[in-house]
Amino acid sequence: MSYQRGRQFDLRFGADRATAAIYADRAGAVVIPAHSVRDVLTEAQHIQAEDEDFLAQIRNEDPSALRTGRRFGRQEL
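None of the values given here were measured: they were computed from a predicted structure.

## Things to note about the overall build of the chain
Then, number 1: From N to C terminus, the chain includes two helices and three strands.
Then, number 2: Scanning the chain from its N terminus toward the C terminus, one meets helices and strands in the order β-β-β-α-α.
Then, number 3: Looking at the chain residue by residue over its 77 residues, the buried ones come to 10%.
Then, number 4: A fraction of 0% describes how many contacts in the chain between residues 6 or more apart in sequence connect residues 24 or more apart.

Structure follows, in structure tokens:
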């Protein structure tokens, strides 16, 4: 089975018809019901912003200071 990036699919469940977004990558796939897409994308943006903040903190950490119980070494923030 192949997929196209950004394409939406119509899924049929019995007599009802629902539209959903499908996100797939090498790790797996997820089907997001159409009525939830906006909420899911909003939450994903929040998570990405948090991850970027954590990455900035991690990049500024001093590994040798962490081993001694400090976080940033001589230049404590």
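## Considerations on the environment of Val-31
Then, number 1: Inspection of the secondary structure assignment puts Val-31 in strand β3 (residues 28–33).
Then, number 2: Sequence separation between Val-31 and Ala-21 is 10 residues; the distance between their C-alpha atoms is 5.8 Å.

## Topic: a negative patch on the surface
Then, number 1: A cluster of acidic residues, Glu-43, Glu-50, Asp-51, Glu-52 and Asp-53, forms a negative patch on the protein surface.
Then, number 2: With respect to the helices, strands and loops of the structure, Asp-53 is situated in helix α1 (residues 37–60).

## A short note on a nonpolar patch on the surface
Then, number 1: Judged by side-chain polarity, Phe-54, Leu-55 and Ile-58 come together as a nonpolar surface patch covering roughly 300 Å² of accessible area.
Then, number 2: Counting through the fold element by element, Phe-54 comes out in helix α1.

## Describing the confidence of the model for the chain
Then, number 1: Averaged over all residues, the pLDDT of the chain is 76; the fraction at 70 or higher stands at 68%.
Then, number 2: Per-element confidence in the chain ranges from a low mean pLDDT of 57 for strand β1 (residues 8–13) to a high of 90 for α1.

So, how was this worked out
- Residues numbered from 1 in each chain as written.
- Predicted model: local features only at pLDDT ≥ 70, side-chain atom pairs only at ≥ 80, totals over all residues.
- Heavy atoms only, no water.
- Helix = DSSP H or I, 4+ residues; strand = E, 2+ residues; numbered from the N terminus.
- Buried < 20%, exposed > 50% of the residue type's maximum accessible area, 1.4 Å probe, protein only.
- Contact = heavy atoms within 4.5 Å.
- Patch = residues over 30% accessible without salt bridge, like charges linked within 9 Å, V, L, I, M, F, W, Y side chains within 5 Å.
- Areas by Shrake-Rupley, 256 points an atom, 1.4 Å probe, with all protein chains shown as cover.
- Salt bridge = Lys/Arg side-chain N within 4 Å of Asp/Glu carboxyl O.
- Lys, Arg positive; Asp, Glu negative; His and termini not counted.
- Charge placed at Lys NZ, Arg CZ, Asp CG, Glu CD.
- pLDDT = per-residue confidence, 0-100.

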